[in-house]
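If you want the building blocks of each chain, they are given just below.
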Amino acid sequence: MFLLTFTMRTVVSVRISEEVRKILKESGLDINEEVRRYLEELAWKVKIRKFIAKWDEVLKDVVPSEKGFSERSVREDRESH
């Protein structure tokens, strides 16, 4: 079974100076691809920041375990076998 996903695309227009365009073209860069890659990476970072903020909100009321809890828990588990 194959899962197909369709992504809608939109056009974003950016104005840059002719000099900048010329320099980038002469260097062999695909301006469209570079801008697309940058914006996709930026969107990913924004999404991650929102995700982290959401987790910070969820975890803000969680009380940390007391010191030594993990050690005692592991020891109790080992000794119970």
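Scroll up to find the structure.
Definitions and limits used
Residues numbered from 1 in each chain as written. Predicted model: local features only at pLDDT ≥ 70, side-chain atom pairs only at ≥ 80, totals over all residues. Heavy atoms only, no water. Helix = DSSP H or I, 4+ residues; strand = E, 2+ residues; numbered from the N terminus. Rg over C-alpha atoms; globule rule 2.2 N^0.38 Å. Buried < 20%, exposed > 50% of the residue type's maximum accessible area, 1.4 Å probe, protein only. Areas by Shrake-Rupley, 256 points an atom, 1.4 Å probe, with all protein chains shown as cover. Lys, Arg positive; Asp, Glu negative; His and termini not counted. Charge placed at Lys NZ, Arg CZ, Asp CG, Glu CD. Salt bridge = Lys/Arg side-chain N within 4 Å of Asp/Glu carboxyl O.

1. Digging into the overall build of the protein
Looking only at helices and strands, one finds three helices and zero strands in the protein. Reading the secondary structure of the protein in the N-to-C direction produces α-α-α. The C-alpha atoms of the protein give a radius of gyration of 25 Å, which is well past the 12 Å a tight globule of 81 residues would have. If you line up the protein on its principal axes, its C-alpha atoms span 70 × 40 × 25 Å. In the protein, which comprises 81 residues, the proportion classed as buried is 1%. Total accessible area on the protein stands at roughly 8,800 Å², and carbon and sulfur atoms take up 58% of it. Charge separation in the protein, taken as the distance between the mean sites of 17 positive and 16 negative side-chain charges, equals 5 Å.

2. Brief notes about the pattern of salt bridges
A full pass over the atoms with the stated rule returns eight salt bridges. Of the charged contacts, one joins Arg36 and Glu33 as a salt bridge, the two residues approaching to 3.4 Å between their closest N and O atoms. Of this pair, Arg36 and Glu33 both sit in helix H2 (residues 31–59), three residues apart, which is roughly one turn of that helix. When its relative accessible area of 36% is taken as the criterion, Arg36 is described as partly exposed. Glu33 gets classed as partly exposed once you look at its relative accessible area, which sits at 29%. When the shortest N-O distance is used, the salt bridge between Glu41 and Lys45 registers 3.3 Å. Highlighted residues: Glu41 and Lys45, both in helix H2, separated by four residues, approximately one helical turn. One salt-bridge network, held together by shared partners, links Glu33, Glu34, Arg36 and Arg37.

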